[in-house]
Amino acid sequence: MSASEPSGTKDRPMIRIFDTTLRDGEQSPGASLNATQKLEIAKQLELLNVDIIEAGFPITSPDDFEAVRQIAGVIKNSTVAGLARCTEKDIVRAAEAVKGAAKPRIHAFCATSAIHRQYKLKRAEKEIIKLSVEGVKLAKGFVDDVEFSPEDASRTELPFLAEVVEAVIEAGATTVNIPDTVGYSTPDHFEDIIKYLFANVKSIGKAVISVHCHNDLGLAVANSLAAVRAGARQVECTINGIGERAGNASLEEVVMAIRTRADVFGCQTRINTKRLYPLSRLVSALTGLHVQRNKAIVGENAFAHEAGIHQHGVLAHRSTYEIMNPEDVGITASTLVLGKHSGRHALRERLMQLGFDLDDSRLDQVFAQFKSLADRKKEVFDEDLEAIVRQILDEADDGRAWELVALQTTGGTGVVPTATVRLKNHQNDEILTDAATGDGPIDAAFTCILRMTAVDAVLKEYDLHALTGGRDAQGEVQLELVARGKSYRGRGRSTDVIEASALAFLNAVNRAVRGLGKALSPPAAAKD
Ligand code: KIV
Ligand code: ZN
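## Observations concerning the coordination of the zinc ion (ligand 2)
Point 1. Within the first shell, the zinc ion (ligand 2) binds the protein through Asp24 (OD), His212 (NE2) and His214 (NE2), at distances of 2.0 to 2.1 Å.
Point 2. Coordination of the zinc ion (ligand 2) draws on donor residues from a single chain, spaced D-x187-H-x1-H in sequence. Taken as a pair, His212 and His214 share a single burial class, namely buried.

Structure representation (C-alpha cells):
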C-alpha cells in the first residue's frame, strides 16, 4: 500500500477528533501556557480541522477562564468545550466561559471507580449517579451539546459503569467519554469495555461514545484504536501526546494510524494532516516540552534513514521503507535559512510553515527582533525564530512591570563576581541602577534584580540549553521561581547566556509581580 490517501474514503464512518492539548495537555508538569499562547494554538487547531477543542477547565483559575472565553470568541468551525466537575459552581463557570462560542460544549465529569468513590469522593454508588445526572441536567440548561465522563471508567465495575452511562444519556448527554484515567488498561481490555457498553446500555445509540486514554503503560494510542474498532466514534488526544504524567494519546499518531491503516480501522477523520508537523512544533515551542527524536510521525528521526541498505531502498522506491509520505504530515524539506538580508515576506512565509499565523503588529515585533538577531548571528534557524515568537508571547502576559535596559557583569578566577543592572520601572517610567555580588555573575544578576524589584522569591529550577549548533548559537534559559508559595516560570534567550538568564529571571519576576498584585514601590536602588 502506498503512502498517499487511501481510496474509497467517502463511506467510512467519521471519527471525531477531540483535542485536549489546552486542558489535559496543559496539565503536563512544567507546561503552563498563557492565554495569548493558548489562543495561538487554538487557531492552529481549528486549521488542523479538529472537531472539538477542549480549551480549559474554567473554574481552576481566572486565567484559565479567560483563555477559554477568548478562544470561544474567536473559533468558528470547531466546537469549543470547557471542563467542569459535577458541581453547580463548576458548571456555571464553564457555561459562562463557552457561551460566546459558535458551537459551545460543556464537558462534565464525575469519578465512578470504587477507589475514587471510597477515598476521593466518599460517596455511594447511588449518590454518584445522582451527582452525574444532576450535573448533566444543569449543563443542558446552558448548552445542547453536553459531554459526560465517568472518571477512572476503566477501573469501574462494568455493571455500575453501564448504569451510569445509561443514566447520563437519559439525562441528555450527547457524548459519553470513557476515560482510562490512570493509563491502566490494555487494548483487549479496553476494547471489551466498549463492547460491553454497546451490549448493555439500552440508550447507547443516542450518544456518541468517546475514549480518553492516558499513556502510563505506553498504550494510550493502542487503547484508543482498540476502542475505535469496538465502535467508539470520538477520540480524545493531544498534540505530541502531552498531558498529565506520561501524557495522553498522541493526536498525530491516532490520526495517521486511522489514515494509513484504513484497511484495519475502516474509518476516517477530518484532520488536515499537512498541518500536523507545524502544530507539533508550535506546541513544543510554546510549552517548552521537547519532542523526542524518535517520536512517531513528528520526531526528528521519524523519516530519517540511517542504514545504507535503507537509504538505498528508499532511493530506489520510497515505499520500501516508508509507510507514509513526510509531505502528508507537513514535513517539507526546507532549505530556507534566513539571514540579515531576508525581508518581512520571507519571514512571514517561514513562520507560517512553523505554525505561527501572526497578526501584523506581532509580525512587526518578530521582524524587529529577527533583524537584531541577524546582526549578531550569520544564519537564523527555525529554532531561533520559534524562540523569538515564544519570548514575545511569553512577555505578552507577564505585565511588563520591569524591563531590562542594561546589564554588565564581571566574573572569573580571583575576582568577586559582580553584576550591574539597569531596569526600567514601567509603572512610573523611572530608570534604576543597582549592583550586587554573588557566587557567579548570574547569581549576582539575580540578587540584584530581586533587590531592585523588591520581590521576595527563591529560584527553584534553572535550565540552559543551546537552541541550535554553532558557536554563535543562542542560549535559552527556562527557570522557575517560587514567591509566597506560588511558582512562576520564566524564559529568556540571547547569544549571551548571562543576558538570557537575566531576561528569563525578569520574565518570571514580572509574572510574580502580576500574580501577587504587588505594588511597584520604588526600591532603594539609585535612580539615574
Ligand atoms: O483522565 C481523565 O479521566 C480526564 C477526565 C476529566 C476526562 O482527564
Ligand atoms: Zn485525562
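## Examining the site of ligand 1
Point 1. Every residue near ligand 1 is listed here: Arg23, Asp24, His107, Phe109, Ser149, Glu151, Asn177, Pro179, Thr181, His212 and His214.
Point 2. One of the side-chain N or O atoms of Asp24 is found 3.1 Å from an oxygen atom in ligand 1.
Point 3. In the environment of ligand 1, an oxygen atom lies 3.1 Å from a nitrogen or oxygen atom belonging to the side chain of His212.
Point 4. In isolation ligand 1 offers 260 Å² of accessible surface; the protein chains occlude 94% of this area.
Point 5. Elements supplying a minimum of two residues to the shell around ligand 1: strand E4 (104-111), strand E5 (146-151) and strand E6 (175-180).

## Some remarks on the pairing of E6
Point 1. Here E6 lies mainly inside the structure; six of its six residues are buried.
Point 2. In E6, alternate side chains face the same way, and those of Thr175, Asn177 and Pro179 on one face and Val176, Ile178 and Asp180 on the other are all buried.
Point 3. Pairing analysis gives two bridges linking E5 to E6, with the strands arranged parallel. Looking across to E6, one finds that Phe148 is bridged to Val176.
Point 4. Chirality of the crossover, the property in question, places the unit of E5, helix H6 (residues 158-171) and E6 among those that are right-handed.
Point 5. Two elements, E6 and strand E7 (residues 208-213), share six bridges in a ladder whose sense is parallel. The residue bridging Ile178 from the neighbouring strand is Val211, located in E7.
Point 6. The parallel pair E6 and E7 is bridged by helix H7 (residues 187-200), and the resulting crossover is right-handed.

## Observations regarding helix H8 (residues 220-229)
Point 1. Of all the 10 residues making up H8, eight are buried; the element is thus mostly covered by neighbouring parts of the structure.
Point 2. For H8, the full list of buried residues reads Ala220, Val221, Asn223, Ser224, Leu225, Ala226, Ala227 and Val228.
Point 3. Tucked into the core, H8 has its buried residues touching E6, H7, E7, strand E8 (234-237), helix H9 (251-260) and helix H10 (262-265).
Point 4. Remark: Gly231 follows H8 within two positions and exhibits a positive phi of approximately 120°.

## With respect to the packing of aromatic side chains
Point 1. Counted under the stated rule, the structure contains four aromatic pairs.
Point 2. Ring plane angle 35° and centroid distance 6.1 Å describe the contact between Phe367 and Phe370, whose orientation is recorded as tilted. Highlighted residues: Phe367 and Phe370, both in helix H14 (residues 360-376), separated by three residues, approximately one helical turn. A single burial state applies to Phe367 and to Phe370, both of which are buried.

## What to know about the side chain of His214
Point 1. You can see His214 is positioned in the loop between E7 and H8.
Point 2. Side-chain polar atoms of His214 contact the side chain of Asp24, separated by 3.2 Å.
Point 3. With sequence-adjacent residues up to four places away left out, His214 is seen in contact with Asp24, Asp180, Thr181, Gly183, Ala220, Glu244, Arg245, Gly247 and Asn248.

## What about a nonpolar patch on the surface?
Point 1. There is a patch of nonpolar side chains on the surface, built from Leu459, Tyr462, Leu464 and Val497 and spanning about 300 Å² of accessible area.
Point 2. Counting residues per element, the nonpolar patch draws most heavily on strand E12 (residues 458-466), at three residues.
Point 3. With respect to the helices, strands and loops of the structure, Leu464 is situated in strand E12.

## Overview of the sheet that holds E5
Point 1. Judged by pairing direction, the barrel is parallel, and its eight strands sit side by side in the order E1-E2-E3-E4-E5-E6-E7-E8 before closing back on the first. On average, adjacent strands in this sheet sit at an angle of 25° to one another, irrespective of strand direction.
Point 2. Sheet analysis places strand E1 (residues 16-19) next to strand E2 (residues 52-56), joined by two bridges and oriented parallel. In the strand pairing of E2, Phe18 is matched with Ile52.
Point 3. Of the strands in this sheet, E6 and E7 are in contact with H7, which crosses E6 at around 150°.

Rules behind the numbers
Residues numbered from 1 in each chain as written. Chains lettered and ligands numbered in written order. Predicted model: local features only at pLDDT ≥ 70, side-chain atom pairs only at ≥ 80, totals over all residues. Heavy atoms only, no water. Donors = N, O, S within 2.8 Å, 3.2 Å for Na, K, Ca; no water. Buried < 20%, exposed > 50% of the residue type's maximum accessible area, 1.4 Å probe, protein only. Near = heavy atom within 4 Å. Polar contact = N/O pair within 3.5 Å; in protein donor to acceptor, adjacent residues only side chain to side chain. Areas by Shrake-Rupley, 256 points an atom, 1.4 Å probe, with all protein chains shown as cover. Helix = DSSP H or I, 4+ residues; strand = E, 2+ residues; numbered from the N terminus. Pairing = 2+ DSSP bridges. Right-handed = clockwise from strand over helix to strand, strands pointing away. Contact = heavy atoms within 4.5 Å. Phe/Tyr/Trp six-rings, centres within 6.5 Å; stacked < 30°, edge-to-face > 60°. Patch = residues over 30% accessible without salt bridge, like charges linked within 9 Å, V, L, I, M, F, W, Y side chains within 5 Å. Salt bridge = Lys/Arg side-chain N within 4 Å of Asp/Glu carboxyl O. Axes fitted to C-alpha atoms, helices over the stretch in contact; angles between N-to-C directions.

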